[in-house]
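A closer look at the structure
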Amino acid sequence: MKSTYQMKFGTLIIEYDNDVLYKLHCRPIKTNMNENHTPFSDKVYEQVEEYLSGKRKTFDIKYELNGTDFQKKVWHALLDIPYGQTRSYKEIAIAINQPNACRAVGMANNKNPLMIIVPCHRVIGSNGDLTGYAGGLEMKKALLEIEKCL
């Protein structure tokens, strides 16, 4: 199923089946369409909104990560980054025992199916620059400000 909600950054799209989340992403353009709200999608939306308001640091939503083995390694490494901290692409590459895979880590971040929940926004350039984010750099900056990383 797919549900959409309006939020600060645009349209939040929640894709799930049998109360298991498969995809969470945001389109920067707000739409007037809110479709297929269920108790599960309402719970996901509520937890995202609590996070965005600084009231939530972790999520208790059942989810499944679908991707290549490499992508899954990267995404699991992202889950180890504590709230309020950042890591560089290089540090993630080292964490997954592939120290030369910085660019591949960036590509895996770009394919992250669960933005915010799998915190790819916490990955920054080695020089501290905010680089790439599927939700846009403005959203990445705002998420890091919520976590007091900036």
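Shown above is the structure to which this text applies.
In short, a report on the structure. (Residues numbered from 1 in each chain as written. Predicted model: local features only at pLDDT ≥ 70, side-chain atom pairs only at ≥ 80, totals over all residues. Heavy atoms only, no water.)

1. What to know about the nonpolar core
Note on soluble globular proteins: their nonpolar side chains tend to be buried together. With 40 residues, the main nonpolar core has Leu21, Leu24, Leu78, Ile116 and Met139 as its most contacted residues. Elements that contribute at least two residues to this core include exactly strand S1 (2–7), strand S2 (10–17), strand S3 (20–27), helix H1 (39–52), helix H2 (69–79), helix H3 (89–95), helix H4 (102–110) and helix H5 (137–146). Sort the elements by how many residues they give to this core and H1 lands first, with five residues. Not counting chain neighbours up to four residues away, the residues in contact with Leu21 comprise Ile14, Glu15, Tyr16, Phe40, Val44, Ile61, Lys62, Tyr63, Glu64, Leu114 and Ile117. (Core = buried A, V, L, I, M, F, W, Y, C linked by side-chain atoms within 4.5 Å. Buried < 20%, exposed > 50% of the residue type's maximum accessible area, 1.4 Å probe, protein only. Helix = DSSP H or I, 4+ residues; strand = E, 2+ residues; numbered from the N terminus. Contact = heavy atoms within 4.5 Å.)

2. A short note on the state of the cysteines
All told, the structure shown has zero disulfides when counted by the stated rule. Here Cys149 is not disulfide-linked; the sulfur of Cys120 is the nearest cysteine sulfur, at 13 Å. Accessibility expressed as a relative area gives 22% for Cys149, which makes it partly exposed. (Disulfide = S-S within 2.5 Å.)

3. A few points about H4
Each turn of an α-helix holds 3.6 residues, which means side chains three or four residues apart point in the same direction. Turning to H4, its buried residues number three or more, namely Val105, Ala108 and Asn109. Angularly, the buried residues of H4 cover 105° about the axis, an arc narrow enough to put them on a single face. Within H4, the exposed residues directed more than 90 degrees away from the buried face are Arg103 and Met107. Buried residues along H4 sit in contact with H2, H3 and strand S5 (123–124). (Arc of directions from axis to C-beta.)

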